[in-house]
Amino acid sequence: MFTGIIEELGTITALVPSADALRITVEGPLVVSDAGHGDSIAVSGVCLTVIEQTETSFTADVMAQTLVMSALDGATVGTRVNLERAAQVGDRLGGHIVQGHVDGNGTLLQVTPGDAWRVLRFSLPIEHASLVTDKGSITVDGVSLTVSAISDPAETAPWFEVSLIPETLVATTLGERQIGDTVNLETDILARHVERLLAVNAAVTPNESR
């Protein structure tokens, strides 16, 4: 479990592909300072398990399904990533509940600069549009953010916007993102549970009335 508050900017230093997986090594001295074998670290929003480590880096295996669902499939040596260790019991929940289970990808569509803020507009997979709401939480590349604007429900190409303060632009990879870049998206787990409950209830209720 994570909070979406990025602790460190890391760099991918090695990628070893196999038939249906990818072994990735990431430089991140802070997140490995107290990490052990089997610990979880979020890499740009993807929860990975430490299988090897040094004093400054860790290695993890990325399975095929994760590659299909996330932007790690397009990562290269030198790619910068957002890193966060799993939350400890008793920590302050500075962001929101983040699982590190990516729902899909979005594309940066538009950047609107301001005096202190920068507004980023991302595409939103239509199957997840109902899970994102104005002023709600969303995770973009592992960063817990508040939705500042969202497309109309009837829009056939859904999008959402987030407004980033200077600290977020400097402390995460979002400040480096260019139009056309692909990002990892994780919707709010509470919204996903509500959607599932409504779907199950809708399917069960007609049977109970017979």
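Whatever comes next refers back to the structure up there.
As a starting point, this report considers the structure included with it. All of these numbers come straight from a predicted model, not from anything done at the bench. (Residues numbered from 1 in each chain as written. Predicted model: local features only at pLDDT ≥ 70, side-chain atom pairs only at ≥ 80, totals over all residues. Heavy atoms only, no water.)

### Concerning the pattern of salt bridges
Applying the stated rule across the entire model yields 10 salt bridges. For E176, the salt bridge goes to R80, with nearest N and O atoms at 2.3 Å. With E176 in the loop between α2 (166-171) and β12 (182-187) and R80 in strand β6 (residues 80-85), this residue pair connects regions lying 96 residues apart in the sequence. Among the residues examined, E176 registers a relative accessible area of 35% and is labelled partly exposed. The exposure class assigned to R80 is partly exposed, which follows from its relative accessible area of 38%. One network of salt bridges, in which partners are shared, links E7, D34 and R85. (Salt bridge = Lys/Arg side-chain N within 4 Å of Asp/Glu carboxyl O. Helix = DSSP H or I, 4+ residues; strand = E, 2+ residues; numbered from the N terminus. Buried < 20%, exposed > 50% of the residue type's maximum accessible area, 1.4 Å probe, protein only.)

### Topic: a nonpolar patch on the surface
Where nonpolar side chains cluster on the molecular surface, the patch consists of M1, L93 and I97 and spans about 290 Å² of accessible area. Relative to the elements of secondary structure, M1 occurs in the segment before β1 (8-17). We classify M1 as exposed; its relative accessible area is 52%. (Patch = residues over 30% accessible without salt bridge, like charges linked within 9 Å, V, L, I, M, F, W, Y side chains within 5 Å. Areas by Shrake-Rupley, 256 points an atom, 1.4 Å probe, with all protein chains shown as cover.)

### Brief notes about the environment of R118
On the secondary structure map, R118 appears in strand β8 (residues 118-123). In this structure R118 comes out as partly exposed when scored by relative accessible area, which is 27%. A sequence separation of 110 residues divides R118 from E8, and the C-alpha atoms of the two residues are 21 Å apart. Contacts of R118, omitting those with residues within four sequence positions, involve V111, T112, P113, V162, S163, L164, L169 and G175. Within the local environment of R118, its side chain forms a polar contact with the backbone oxygen of G175, the two atoms lying 3.2 Å apart. (Contact = heavy atoms within 4.5 Å. Polar contact = N/O pair within 3.5 Å; in protein donor to acceptor, adjacent residues only side chain to side chain.)

### Section: the packing of aromatic side chains
Across all of its chains, the model carries 1 aromatic pair by this definition. Over the face of the ring belonging to W159 we find R121, whose NZ or CZ atom lies 3.6 Å from the ring centre. (Phe/Tyr/Trp six-rings, centres within 6.5 Å; stacked < 30°, edge-to-face > 60°. Lys NZ or Arg CZ within 6 Å of the ring centre and 35° of its normal.)

### Here's the deal with unusual backbone geometry
At S44, a residue that is not glycine, the phi angle is positive and equals roughly 50°. Inspection of the secondary structure assignment puts S44 in the loop between β3 (40-43) and β4 (46-53). The backbone of D141 sits at a positive phi, close to 50°, despite the residue not being glycine. Classification of D141 as buried rests on a relative accessible area of 0%.

### Here we look at the nonpolar core
In terms of nonpolar packing, the biggest core is built from 20 residues, with I24, L48, F58, L72 and L83 touching the most fellow members. Counting residues per element, the ones that place at least two in this core are β2 (21-27), β3, β4, β5 (57-63) and β6. Non-local contacts of L72, meaning those with residues more than four positions away in its chain, are made with L22, I24, V43, V46, L48, V62 and L67. Counting 18 residues, the second-largest nonpolar core is a separate cluster that includes F122, L124, V132 and L164. (Core = buried A, V, L, I, M, F, W, Y, C linked by side-chain atoms within 4.5 Å.)

### Section: the sheet that holds β6
Reading around the circumference, β1-β2-β5-β4-β3-β6 is the order of the 6 strands in this closed barrel, with antiparallel pairing throughout. On average, each strand axis in the sheet is inclined to that of its neighbour by 45°, with strand direction left out of account. Pairing analysis gives 3 bridges linking β4 to β5, with the strands arranged antiparallel. Residue pairing across strands places V50 opposite A60, the latter belonging to β5. (Pairing = 2+ DSSP bridges. Axes fitted to C-alpha atoms, helices over the stretch in contact; angles between N-to-C directions.)

### A word on the sheet that holds strand β10 (residues 143-150)
Pairing is antiparallel around the closed barrel formed by 6 strands, whose spatial order is β7-β8-β11-β10-β9-β12. Looking at each pair of strands side by side, their axes are set apart by 45° on average, direction ignored.

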